Amino acid sequence: MSERRRDPAKKSWAEPWKVKMVEPARQLAPELLRERIRDAGYNTFLLRSEDVYIDLLTDSGASAMSDYQWAGLMLGDEAYAGSRNFYHLEANVQKFYGYTYVVPTHQGRGAEHLVSKVYIKKGDFVPGNMYFTTTRIHQELAGGTFVDVIVDEASDPQSLHPFKGNVDLQKLEDLLKKKGQNCIPYVSLAATVNMAGGQPVSMQNAREIRALCDRYGVPVLLDATRAVENAYFIQQRETGYGEKKVADILREFCSYTDGAWMSAKKDSLVNIGGWLALNDAEKFGEAQNLVVVYEGLHTYGGLAGRDMEAMARGIEESVEEDHIRARVGQVEYLGQKLLGWDVPIVLPVGGHAVFLDAKRFYPHIPQERFPAQTLAAEIYREAGVRTMERGILSAGRDPQTGLNRFPGLELVRAALPRRVYTQAHMDVATEAIEEVHWNRARARGLRMVYEPKYLRFFQARFEPV
Ligand code: PM9
């Protein structure tokens, strides 16, 4: 008999780690789940973590660190100035992302605050590939107006375009011509695009953005929060990159940009941390000066030395091939399971999360009644699984008119923390979502009874209609 060999491309993946420590998680009884979500004003951000069984609220800061990272915590150099952990972090940002100057910050929005203050002046327009909540508010608070220049496919949950995060170059050039480069401080490029469903940007698109911006003398700045996941998608989907290493793809991608801000709480596998990196010495000088006003000295930026060490080590682990394959593979597994039950989701499945399409899930609930917020509340009530609204509530109000923005996408995000949950957790989460889908006709929507001024989705409260 001839020897049988499985096609390597069809082999299952498994996590490249084994579990060393566990944290208990329990599922509350149905009547308690009902009570808890009502007490939380039907907002999953207002639930207590101990009342959540499977927490898919976010992949931010919720990942499990490796023993290599935990060991690094013991090497924290907590000197006020010049901590050796900062220099390790700086060296790894330079090595893996390729930028020249590094400013540490306590998390992503600390870096967004600095970059917006340094680059944006009142009346500016900031083009970008779909808004992100915290990014846009810092651009607005600095006096800018965000302009969406993402490709149209990004707003179609069923489009199978492999790079739905791409910038539409025509939209970008039209804006550059209309407003003139003096009113455009930089292009705000995110990879992957969170609000579009964790969709990637192609290398070709990055190259073309660079060429276009060079013609107009406008810098390109990257939101590198999930750029490693973006690099993995390029490896999997873009011609010419199949044989390249994710680490090399990441470096090449960043080379088309002039700097980046980072929430290290995602790709870099830490519970807290971020940075701003720039190639422009003058802008770096301004950011380095401002960080001491808002975050802390320029060699700790609001972090403990041990946090910077964990971040430096997390960067190294984030680009390992087997890590990133298993990470994105688990998200794909959840997406395929939901598709198998005919649950409407955004396609293709993204890098960090599966996004449920609340417009197709609840076609009978108008957007003013918060269909995605309703769905997130229902999923918690069903099984103690926590997800997050990414629709009209997250989009907020237009600062000029005060009116609600009506985004094309009305989504619920089930985000996967890295190295935390098993496939069995995914199976249980899928069953809960399928159950809610089965009973979808019963849902009626929500009315907002408390609305905070900034980033309202975090703290708003609701009542059933
Ligand atoms: N993202 C997320 O859950 C956490 C807070 S918003 C609900 O997806 C991008 C692309 C992000 C991001 C945070 C930040 C801000 C910047 N860019 O949370 O301040 O996804 O570290 O980063 C969240 P920080």
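Residues numbered from 1 in each chain as written. Predicted model: local features only at pLDDT ≥ 70, side-chain atom pairs only at ≥ 80, totals over all residues. Heavy atoms only, no water.

A. Structural view of the side chain of Thr 374. Structurally, Thr 374 is set in helix H14 (residues 371-383). A relative accessible area of 4% means that Thr 374 is categorised as buried. Not counting the four nearest positions on each side in its chain, Thr 374 is found in contact with Tyr 362, Ile 365, Arg 369, Ala 443, Gly 445 and Leu 446. (Helix = DSSP H or I, 4+ residues; strand = E, 2+ residues; numbered from the N terminus. Buried < 20%, exposed > 50% of the residue type's maximum accessible area, 1.4 Å probe, protein only. Contact = heavy atoms within 4.5 Å.)

B. Inspection of the packing of helix H8 (residues 227-237) against helix H12 (residues 321-340) at higher detail. Packing of H8 against H12 brings their axes to within 10 Å, and their N-to-C directions diverge by 90 degrees. Taken together, the axis directions place H8 and H12 in an arrangement best described as roughly perpendicular. Residues Val 228, Glu 229, Tyr 232, Phe 233 and Gln 235 of H8 lie in contact with H12, whose contacting residues are Glu 321, Ile 324, Arg 325, Arg 327 and Val 328. (Axes fitted to C-alpha atoms, helices over the stretch in contact; angles between N-to-C directions. Parallel < 35°, antiparallel > 145°, perpendicular 65-115°, else oblique.)

C. Quick look at the site of the ligand. The environment of the ligand is formed by 20 residues, the closest being Thr 58, Arg 109, Asp 223, Ser 263 and Arg 413. At a separation of 2.8 Å, an oxygen atom of the ligand approaches a polar backbone atom of Gly 108. In this structure, an oxygen atom belonging to the ligand sits 2.7 Å away from a side-chain N or O atom of Arg 413. Compared with its free state, where it exposes 530 Å², the ligand has 97% of that area covered by protein. Looking at the shell around the ligand, the elements with two or more residues in it are helix H4 (108-119) and strand S11 (388-390). Ranked by residue count, the leading element in the shell around the ligand is H4, at 3 residues. Among the residues forming the shell around the ligand, the class breakdown is 4 nonpolar, 8 polar and 8 charged. (Near = heavy atom within 4 Å. Polar contact = N/O pair within 3.5 Å; in protein donor to acceptor, adjacent residues only side chain to side chain. Areas by Shrake-Rupley, 256 points an atom, 1.4 Å probe, with all protein chains shown as cover. Nonpolar A, V, L, I, M, F, W, Y, C, P; charged D, E, K, R; others polar.)

D. Local environment of the environment of Phe 361. Within the secondary structure, Phe 361 sits in helix H13 (residues 358-361). Sequence-wise, Phe 361 and Tyr 380 are 19 residues apart; in three dimensions their C-alpha atoms are separated by 16 Å. Contact partners of Phe 361, with chain neighbours within four places excluded, come to Val 343, Pro 344, Leu 375, Ile 433, Val 436, His 437 and Arg 440.

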